[in-house]
Amino acid sequence: MNVSYNWLKDYLSFDMNVDEVAAALTSIGLETGSVKEVQTIKGGLEGLVIGEVLTCTDHPNSDHLHLTTVNTGTGEPLQIVCGAPNVAAGQKVVVATIGTTLYDGDKEFKIKKGKIRGEESCGMICAEGEIGVGADRSGIITLPADAQIGMSAKEYYKVESDYVLEVDITPNRVDGTSHFGIARDLAACLKQAGKQVELKKPPVESFKTDDPATPVSVDVKNTEACIRYSGITIKEASVKESPDWLKNRLTAIGLRPINNIVDITNYVLHELGQPLHAFDAAKIKGNKVIVKTMPEGAKFVTLDGVERTLTNMDLMICNTEEPMCIGGVFGGLDSGVTENTKDVFLESACFNPAWVRKTARRFGLNTDSSFRFERGLDPNQTIYVLKRAALMIQELAGGKIAGDIQDIYPNKMEPFAVDITYKKIKALTGKTIPVDTIKSILASLEMEIAAETAEGLSLRIPVYRFDVRRDVDVIEDILRIYGYNNVEFSDHVRSTLSYQTLTDKSYQLENVISEQLCGAGFNEILNNSLTRLAYYNELTTYPAANCVVLRNPLSADLNAMRQTLLFGGLQSVAFNIKHKNKNIRFFEFGNCYVRNEENKKENEILSEYKEDYRLGLWISGKRVENNWAHADENASVFELKAHIENIFHRLGINTDRLIRGSFSNDIYSAGVTIVSTSGRALGTFGVVNKNMLKTIDIDNEVYFAELSWNILIKDIPKEPISFREISKFPEAKRDLALLADKNVTFADIKKAAMDSERKLLKNIVLFDVYEGKSLIAGKKSYAVSFYLQDKEKTLNDKQIDSIMSKIQKNLEDKLGVQLR
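Rules behind the numbers
- Residues numbered from 1 in each chain as written.
- Predicted model: local features only at pLDDT ≥ 70, side-chain atom pairs only at ≥ 80, totals over all residues.
- Heavy atoms only, no water.
- Axes fitted to C-alpha atoms, helices over the stretch in contact; angles between N-to-C directions.
- Helix = DSSP H or I, 4+ residues; strand = E, 2+ residues; numbered from the N terminus.
- Parallel < 35°, antiparallel > 145°, perpendicular 65-115°, else oblique.
- Left-handed = near helix turned anticlockwise from the far one by under 90°.
- Contact = heavy atoms within 4.5 Å.
- Nonpolar A, V, L, I, M, F, W, Y, C, P; charged D, E, K, R; others polar.
- Buried < 20%, exposed > 50% of the residue type's maximum accessible area, 1.4 Å probe, protein only.
- Pairing = 2+ DSSP bridges.
- Phe/Tyr/Trp six-rings, centres within 6.5 Å; stacked < 30°, edge-to-face > 60°.
- Lys NZ or Arg CZ within 6 Å of the ring centre and 35° of its normal.

Colleague: So what's going on with the packing of helix H5 (residues 179–192) against helix H12 (residues 435–444)? Which residues, and what values?
Modeller: Axis separation between H5 and H12 bottoms out at 9 Å; the angle between their running directions is 160°. The orientation of H5 with respect to H12, classified from their angle, is roughly antiparallel. When the axes of H5 and H12 are compared, the crossing they make is right-handed. Note on element contacts: H12 touches H5 through Thr437, Ile441 and Ser444, opposite Arg184, Ala188, Lys191 and Gln192. Here the contact of H5 with H12 is composed, by residue class, of two nonpolar, three polar and two charged.

Here you go:
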């Protein structure tokens, strides 16, 4: 939220500079992200002065330029070449001196000394549009004769400077979404610092009815969605441009002035935090406002010209014939105030936060009004705010207040009762705060003390503090105003010794694997745990029914918790490919979430939900590109497999003992499962299905692996790493060309061979695969190396031949594999 430094001073007198104010707000929980200076005219007219044209002659080398001398009050007159048709001797003008920066929208240029058509020019005589004081560029500005030579243009045009603080308002602090709310917290902070300050609330005592005529009446049909509705009719108002002071206030915080009526509603919104809406009373058919829902499927055109289809859960502000506004969210196209409006009906209401939030999300709208209504507003201030706005309209637009205020408030909200004890304050803050200080802070926060005992206080919390409902909330407020920095650290160190937990081990190994992957050319990514439910609608591997769906999502793109890391990574891959980074190596650690109704247990809310921490890897593009020593080479699933095995090796997991199986589904066109010897699924990897890639708009092949990190950590051998001496005896190598059915994988061959000889067979390496016309149909050839070694002695040919015969027989019996 943008907060004006000058605007704050309307409610609170203080002598702090803007940086001190920013620091004070941050210290009390209203974190200020940035401070920037703004002027009513961009650039503040710095470097521009009032001058007098002494002489004006035709330029010797041009038929339209003039050669002038201008007195700017600094001594020697300046020679300036000017192309304006209306320049003449004796005029008072605005001069941009050398070094001045002028602005034209987002563009800027600096005035430099130079020659124009051979004649020296030492400045520029300006037009209105060139310095931002108007739009006319047809000729230079001519000022009255009494304009003082040498006066800065900033002073002449009364340019005001202000500072805008960007305050980050947390979702629970709706009371801080206004300048008065910010000033209220700042006043509490300054009082605690010992400064004598007084918070000044805009007065409304002069409000009165001027015309007894019958006002626009109000009927609230849905009191659940509309907690309170207040309105007033103002007749014979003059809709026109707002005065400069009002336009400057709105412009400073980034709002565009429209007309005096609309500008007043925006001003009061940012002053007091209460949204208002101004209707053209002549367009309220039947002279009656009805607050209700419309039938399912009804159409309504909003202020932005978009036709929207309503549901029966969208609260509408209607007249007797049609809807005029979406309550608390957005106005209608035809009911607002225009330059032809004479009579105004002003609305000040309080709507149910849940209703506003759901409607705003449904239509994808996020307005200043919905932002505040969604967080909950104080229904007890609607009348005060209505009077404040009505008085401003009378002041700036004239008009008469017609009839009494219309106010529908069936269920009045009372201050919330909270009890606190001094003992708990000390326990939570770690500080004994004096009782008088506690009372002073509570008073400055407008928390009324209803009763007092030696042990604590009974409080009445203002309705606008929706975030304060428990004693711990009150204590938090006391501490933030008292000052977190005022709680000293003890000189005593209190510590406990604890053994390393599985979480500690997981975190350490996560860093080890991250460093390993980064060293292998990977980049770490971090995606949102929220994703699009539509990704899962057609899947069987991750069915949509197993998604954890949000009740009130921020958008349709963030309406469910992810079941897999896949989609977030694919979005990152697509983004990088679109930005010409086609060779992708990504990894991510993150939680995935699954909901299974079959696991639901009575009185165990979380029993149907499961959270799993996973490691995802994505590879796409080229493995080698533009290398003088190596031809270009595409990435492959085997490269991904190598990285996975390196991870297992680094964790101490024996890959030879892992069970692998091939499969395909709606995620992988060709995939591999990895299962531990204990039967636990460690993960999957493979080639991402092309249909899946199309949904993310990716044309390149992508290879993806997803490992269950929690299971991996549990599967790490418990034995410490030990030293093993290198064998003194040589290993023996035998190569076989094996003919196998196409459905037999190398993993099958490796497992069968290992089962044949576990002691002396140390390694099996595939070095060639052949499929061609020379082979029997349905067959393929594997060229495999077998490495044998005995730690105790050198193997002889008889032993080696015996082992190889055993392996060949086992391969033939189990897999039907034959020698070529």
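Here the narrative resumes, following the displayed structure.
Colleague: Describe helix H19 (residues 746–756), and please don't skip the residues or the numbers.
Modeller: If you check which residues of H19 are buried, you get Phe746, Ile749, Ala752, Ala753, Met754 and Ser756. Considering only its buried residues, H19 is in contact with strand S38 (732–741), strand S39 (761–770), strand S40 (779–788) and helix H20 (797–815).

Colleague: So, the sheet that holds strand S20 (residues 323–326): which residues are in play, and what are the values?
Modeller: Across the sheet, which stays open at both edges, the five strands sit in the order S13-S16-S19-S20-S21 with mixed pairing between neighbours. Sheet topology places strand S13 (217–220) and strand S21 (330–331) at the edges, where each strand pairs with a single neighbour. Note that S13 and strand S16 (residues 288–293) share four bridges and pair parallel. Of the residues in S16, the one forming a bridge with Val218 is Val289.

Colleague: How would you explain the environment of Gln571 if you had to name every residue and give the values?
Modeller: Relative to the elements of secondary structure, Gln571 occurs in helix H15 (residues 566–578). Under the relative-accessibility criterion, Gln571 is labelled partly exposed at 37%. Note: C-alpha distance between Gln571 and Ala560 (11 residues apart in sequence) is 16 Å. The residues touching Gln571, leaving out its near neighbours within four places in the chain, are Tyr535 and Ile696.

Colleague: Explain the sheet that holds strand S26 (residues 456–461) to me, using residue names and the numbers behind them.
Modeller: Strand order in the open sheet formed by three strands is S24-S26-S25, and the pairing between neighbours is antiparallel. Edge positions in the open sheet fall to strand S24 (416–421) and strand S25 (448–452), since each of these has one partner strand only. This sheet shows a mean twist of 30° between the axes of neighbouring strands, independent of strand direction. Relative to S26, S24 runs antiparallel, the two being bridged by six bridges. In the strand pairing of S26, Val418 is matched with Leu459. Of the strands in this sheet, S24, S25 and S26 touch H12, which is tilted by about 5° from S26.

Colleague: Got a sec to walk through helix H6 (residues 244–252)? Specific residues and values, please.
Modeller: When we look at burial in H6, the residues that qualify are Leu246, Lys247, Arg249, Leu250 and Ala252. One or two positions beyond H6, positive phi appears at Gly254, with a value near 95°.

Colleague: Pulling in residues and values, what's your account of the pairing of strand S3 (residues 48–58)?
Modeller: Here five bridges tie S3 to strand S6 (residues 92–96), and the two strands are oriented antiparallel to one another. The residue of S6 that forms the bridge with Val49 is Val95. Bridge analysis of S3 against strand S4 (residues 66–71) gives six bridges, and the strand direction is antiparallel. Of the residues in S4, the one forming a bridge with Cys56 is Thr68.

Colleague: If you had to explain the packing of aromatic side chains to someone new, which residues and values would you point to?
Modeller: The full count for this structure, using the stated rule, is 16 aromatic pairs. Centre to centre, the rings of Phe589 and Trp709 are 5.1 Å apart; their planes meet at 85°, and the pair counts as edge-to-face. Placement of the pair is Phe589 in strand S30 (residues 584–595) and Trp709 in helix H18 (residues 709–715), with a sequence separation of 120 residues. Positioned over the ring face of Phe371 is Arg375, at 3.9 Å from the centre of the ring. Between Arg469 and the ring centre of Phe416, over which it is positioned, the NZ or CZ distance is 4.7 Å.

Colleague: Describe the pairing of S38, listing the residues and the values that go with them.
Modeller: Relative to S40, S38 is paired through 10 bridges, and the arrangement is antiparallel. The partner of Leu739 across the bridge, within S40, is Ser781. Strand direction decides the pairing type here: S38 and strand S41 (residues 818–819), joined by two bridges, are antiparallel. If you follow Leu738 over to S41, its bridge partner there is Leu819.

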